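Working through the structure, step by step
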Amino acid sequence: MVKTEAESREIAYALERLSRLMRGGEFGEGLNPAQWEALRFLARANRFSNSPGALTRYLGATKGTISQTVKALERKKLIVKSERPGEKRSIVLELTEAGHAMMAKDPWMALAAACGELGGKTRRRMDKGLAELLAGETARRQSPSFGACDSCRFWREQGRGDDALGPHLCMLFDLPISTTEVAQICIAHEPAN
Ligand code: SF4
């Protein structure tokens, strides 16, 4: 019991130290950590989630802070803001070509590469363990899970007929989901189990 508690504390301390080190590395390329976080979210968000509101919920920041971050990314020509087609009061935020090029320099991708060098068993266990911790923490805080379609209760692998925008289906929005979109994250995601 005492050993389990000590090991658990060590994991929490390691996560805290690791995220602090990673944040420290997010001042390169003329960006700050908040701008990297926003850019990373928008690079992964699906078409129902690429908005200032979803970004605010994902980052758990205030509207004012997000507005400043969005303005800075626009000034740097890394994102563009536009009106959502058919919804006059809704804003879409998308990465520009320069924004996508910047994502190729994302400091967190160096950590992803380091994860790739771990043994397969260690990597799979970490993946599972971290996913469980994240799911527990988001549920406890009643925060959106921001998962991808294939782990969502509204996802259906088989869409309707041969819809060109498919082949999958979202039962919540009643809209087709493409193979590319399956890997993107969504504000309306609800865990399947
Ligand atoms: S299936 Fe779930 S995650 Fe995918 S678009 Fe629909 S609500 Fe979002």
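Residues numbered from 1 in each chain as written. Predicted model: local features only at pLDDT ≥ 70, side-chain atom pairs only at ≥ 80, totals over all residues.

**A look at the sheet that holds strand β3 (residues 155-156)**
On the basis of which strands lie adjacent, the open sheet formed by three strands has the order β3-β4-β5 and antiparallel pairing. Two strands lie at the open edges of the sheet, namely β3 and β5 (175-178), each paired on one side alone. As paired elements, strand β4 (residues 167-170) and β5 share four bridges and run antiparallel to each other. Each bridged residue has a counterpart across the sheet, and for H168 the counterpart in β5 is I177. (Pairing = 2+ DSSP bridges. Helix = DSSP H or I, 4+ residues; strand = E, 2+ residues; numbered from the N terminus.)

**Section: the pairing of β4**
Sheet topology places β3 next to β4; two bridges connect them, and they run antiparallel. Counted as the bridge partner of W155 is C170 from β4.

**Details of helix α4 (residues 63-75)**
The end-to-end C-alpha distance of α4, which contains 13 residues, comes to 18 Å, matching closely the 18 Å that a straight helix rising 1.5 Å per residue would cover. Burial in α4 covers these residues: T69, V70 and L73. The buried residues of α4 occupy one face: seen down the axis, they fall within an arc of 100°. Residues of α4 that are exposed and angled more than 90 degrees away from the buried face: G64, K71 and R75. For α4, the elements touching its buried residues are α2 (33-44), α3 (52-59), β1 (79-84) and β2 (87-95). In the segment just after α4, K77 is the residue with positive phi, at about 60°. (Expected span 1.5 Å × (residues − 1). Buried ≥ 20, exposed ≤ 12 C-beta atoms within 10 Å, placed from the backbone. Arc of directions from axis to C-beta. Contact = placed C-beta atoms within 7 Å.)

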